[in-house]
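Examination of the molecular architecture
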Amino acid sequence: MTEEFGVQGEWTLAKRHTIRWAECDLYGHVNHAAYLIMFEDMRIEHWASLGQVLRADAPGPVVAKLEARYVRAIGFQEEVLLTLRCPSLRRTSYVHDYAVWKNGLVFECQALLVCVKDGVSTPIPDEARRLMVERDGARQA
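Residues numbered from 1 in each chain as written. Predicted model: local features only at pLDDT ≥ 70, side-chain atom pairs only at ≥ 80, totals over all residues. Heavy atoms only, no water.

Further remarks concern the nonpolar core. One finds Phe39, Ile74, Tyr94, Val100 and Met132 to be the most contacted residues of the largest nonpolar core, which totals 31 residues. With near-sequence residues (within four places) excluded, Val100 lies in contact with Tyr35, Phe39, Ile74, Val80, Leu81, Leu82, Leu105, Val106 and Phe107. Judged by nonpolar contacts, the second largest core, of six residues, contains Phe5, Val7, Leu81 and Trp101. (Core = buried A, V, L, I, M, F, W, Y, C linked by side-chain atoms within 4.5 Å. Buried < 20%, exposed > 50% of the residue type's maximum accessible area, 1.4 Å probe, protein only. Contact = heavy atoms within 4.5 Å.)

One pass over the full model with this rule turns up 10 salt bridges. The closest approach of N and O atoms between Arg69 and Glu108, which form a salt bridge, is 2.5 Å. Here Glu108 lies in strand E5 (residues 105-117) and Arg69 lies in strand E2 (residues 60-70), a separation of 39 residues in the sequence. Salt bridges linked by common partners bring Glu4, Arg16 and Glu79 together as one network. (Salt bridge = Lys/Arg side-chain N within 4 Å of Asp/Glu carboxyl O. Helix = DSSP H or I, 4+ residues; strand = E, 2+ residues; numbered from the N terminus.)

Another point: the packing of aromatic side chains. All chains considered together, the criterion is met by eight aromatic pairs. Judged by centre distance (5.2 Å) and plane angle (85°), the ring pair of Trp21 and Phe76 falls under edge-to-face. With Trp21 in the loop between strand E1 (13-18) and helix H2 (32-49) and Phe76 in the loop between E2 and strand E3 (79-89), the pair connects residues that are 55 residues apart, well separated along the chain. Under the relative-accessibility criterion, Phe76 is labelled partly exposed at 36%. (Phe/Tyr/Trp six-rings, centres within 6.5 Å; stacked < 30°, edge-to-face > 60°.)

In structure tokens form, the structure reads like this:
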């Protein structure tokens, strides 16, 4: 898939996505906010792949900061590839890189995620930390 979409670099997760009408603006281009919503499912999928669950009584990721760069427009019914990787982590937080690809890079975003339980930051669970480092290649920041 990486060659088909012009993907560069190593990514932990990749998922095909067809642009829906609901994701487009008046001009038929993907709305700026829709890019961020596209990655919510992948964020949850990554957390589950770390052996974690999303429940009110368990630690879970909360987006604390986003930095996005829109490279070029895409539109309705275009097929793209969404990618996610986890380049770094700290005690209670970690970083996700997101990208959308179609004939090269379309959109990129970096998110700072904080592990939260009962409304306060909490250490990343040991098993999740281990997998981020060993499987995903995250480095301690």
